[in-house]
Amino acid sequence: MSLASYAVGVDVGGTKISAGLVDRKGRVVAGTIASTPTEGPFAIVDSIIDAVRAVTRDAHPSELAGAALGLPAQIDWHRQTIEFCTNLPLAGVDVHGVVQTRLNLPVVIDNDGEVAAIGEARFGAAKGARDFLMITMGTGVGGGLWLGGRPYRGSRGFGGEIGHVLVEFEGLQCPCGGFGHLEAYASRHALVRDAREAAATYRGAAIKRLANDDLDAITDDTLLQAVREGDELAGEILARAAEIFGRAMVGMVNLLDPQLIVVGGGLGQKTPVWVEAADAAIRREALAGRADVRVVPAELGNDAGVIGAGALAFDEYDAREEPGL
Ligand SMILES: [Zn+2]
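Definitions and cut-offs
Residues numbered from 1 in each chain as written. Predicted model: local features only at pLDDT ≥ 70, side-chain atom pairs only at ≥ 80, totals over all residues. Heavy atoms only, no water. Donors = N, O, S within 2.8 Å, 3.2 Å for Na, K, Ca; no water. Tetrahedral: all angles 85-135°; square planar, octahedral: opposite > 155°, others 65-115°. Helix = DSSP H or I, 4+ residues; strand = E, 2+ residues; numbered from the N terminus. Buried < 20%, exposed > 50% of the residue type's maximum accessible area, 1.4 Å probe, protein only. Polar contact = N/O pair within 3.5 Å; in protein donor to acceptor, adjacent residues only side chain to side chain. Contact = heavy atoms within 4.5 Å. Axes fitted to C-alpha atoms, helices over the stretch in contact; angles between N-to-C directions. Parallel < 35°, antiparallel > 145°, perpendicular 65-115°, else oblique. Nonpolar A, V, L, I, M, F, W, Y, C, P; charged D, E, K, R; others polar. Core = buried A, V, L, I, M, F, W, Y, C linked by side-chain atoms within 4.5 Å. Pairing = 2+ DSSP bridges. Phe/Tyr/Trp six-rings, centres within 6.5 Å; stacked < 30°, edge-to-face > 60°. Lys NZ or Arg CZ within 6 Å of the ring centre and 35° of its normal.

A. Structural view of the coordination of the zinc ion. At the metal site, the zinc ion is ligated by H164 (ND1), C174 (SG), C176 (SG) and H181 (ND1), and these contacts range over 2.0 to 2.3 Å. Seen from the zinc ion, its four donor atoms lie at angles of 99 to 118°, and the figure they make is tetrahedral. Donor residues for the zinc ion, ordered by position in the chain, follow H-x9-C-x1-C-x4-H. One end of the pair, H164, is in the loop between strand 10 (150–152) and helix 4 (188–199); the other, C174, is in the loop between strand 10 and helix 4, and ten residues separate them in sequence. Residue C174 is classed as buried on the basis of its relative accessible area of 3%.

B. Inspection of the side chain of H96 at higher detail. With respect to the helices and strands, the residue H96 is situated in helix 2 (residues 95–103). At a separation of 3.0 Å, a polar atom in the side chain of H96 contacts the main-chain carbonyl oxygen of V107. Ignoring any residue separated from it by four or fewer positions in sequence, one finds H96 in contact with Q80, V107, V108 and I109.

C. Examining the packing of helix 3 (residues 112–123) against helix 9 (residues 304–321) more closely. Orientation of helix 3 relative to helix 9, taken along the N-to-C sense of each, is 80°, at an axis distance of 7 Å. With respect to helix 9, the element helix 3 is oriented roughly perpendicular. Contacts between helix 3 and helix 9 involve V115, I118, G119, E120, R122 and F123 from the first element and A304, G305, I307, G308, A309, A311, L312 and D315 from the second. The residue inventory of the contact of helix 3 with helix 9, partitioned by class, reads eight nonpolar, three polar and three charged.

D. The nonpolar core, seen in detail. In terms of nonpolar packing, the biggest core is built from 46 residues, with F245, M249 and W274 touching the most fellow members. Breaking this core down by element, the ones donating at least two residues are strand 8 (132–137), strand 9 (141–147), helix 4, helix 6 (220–228), helix 7 (232–256), strand 11 (260–264) and helix 8 (273–285). Broken down by element, this core gets its largest block of residues, 13 residues, from helix 7. One finds V12, L21, L90 and I109 within the second-largest nonpolar core, a separate group that totals 31 residues.

E. Local environment of the pairing of strand 1 (residues 6–12). Strand 1 sits mainly inside the fold: five of its seven residues count as buried. Bridge analysis of strand 1 against strand 2 (residues 16–23) gives seven bridges, and the strand direction is antiparallel. In the sheet register, G9 faces strand 2, and the bridge partner there is G20. Adjacent in sequence and paired antiparallel, strand 1 and strand 2 are bridged by three residues.

F. Layout of the packing of aromatic side chains. Here the structure, examined in full by the defined rule, presents three aromatic pairs. Ring plane angle 65° and centroid distance 6.4 Å describe the contact between F84 and F158, whose orientation is recorded as edge-to-face. Residue F84 is found in strand 6 (residues 81–84), and its partner F158 is found in the loop between strand 10 and helix 4; the two are separated by 74 residues along the sequence. Each ring, one from F245 and one from W274, has its centre 5.8 Å from the other, and the planes form 80°; the classification is edge-to-face. Pair noted here: F245 is in helix 7 and W274 is in helix 8, with a separation of 29 residues, a long-range link. Taking relative accessible area as the criterion, W274 reaches 0% and is therefore assigned buried. In this structure, R153 packs its charged tip against the face of W77, placed 3.5 Å from the ring centre.

Read these as geometric descriptors, not functional statements.
Written as structure tokens, this is what we have:
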């Protein structure tokens, strides 16, 4: 028998749902993108199903390996259930079962950070690496572990949550409810909070002006623009966030001894400061023998989730069809 030549990768985010028909070389041969519905879980599930149908319209069912969905959620990998989901109302919703039944296609769900790690391992910056750490910097800080040449999800599937490691005792509150976690210091959420606070002060006048004097209009792009224009306070905010991120990566290197750290996600790709700060901190502070750990930017860009999910769907298909492979 011939192996399926296409898989569907779906990247479900807080603001958009992207889907792609992916081939075995990681090429996206058909794609679609839609805004994530805000009407509730059933609208989101419908939107996922519509996206898969749109990209598989011209494919024959026998050509399809299946579909994989990357979700910004804590997923029990073995049970294929969504246990927690901060940014979307999907906790407890049987996305896996409903999508699989309605599409009559094998479906697997996974954490979006892990999916990005799979994509970078197969087709991106970590091609050929046996042990690496994927960081996805966006509104939050996601992560995916690739250890021993395969995804490492922990005992249930909740592993790799690098955004929720402690960087300051009794520190700022994190969106997860905890205190002092990395995500509370180095994420879009953190930068926007700091930029808005700064803009309310005399020294933050430049940041405020870039947002047309509307503090609520300040985004991470506002801050990065102010940095590019040489604003001192904006530079301090970004440098501090990057330094905290870099120090956190020293701990990761000491714990895991990876070959490399791949930094991606929307915010991760907007500025090189994360890669530079982590690289410098590791050289300066990591335990002996670890100074050559490389920190590199992700290579798959906005398609990382779709390509990684496609690769995951192929892996699951191959494991079913040719168990000895
Ligand atoms: Zn947290």
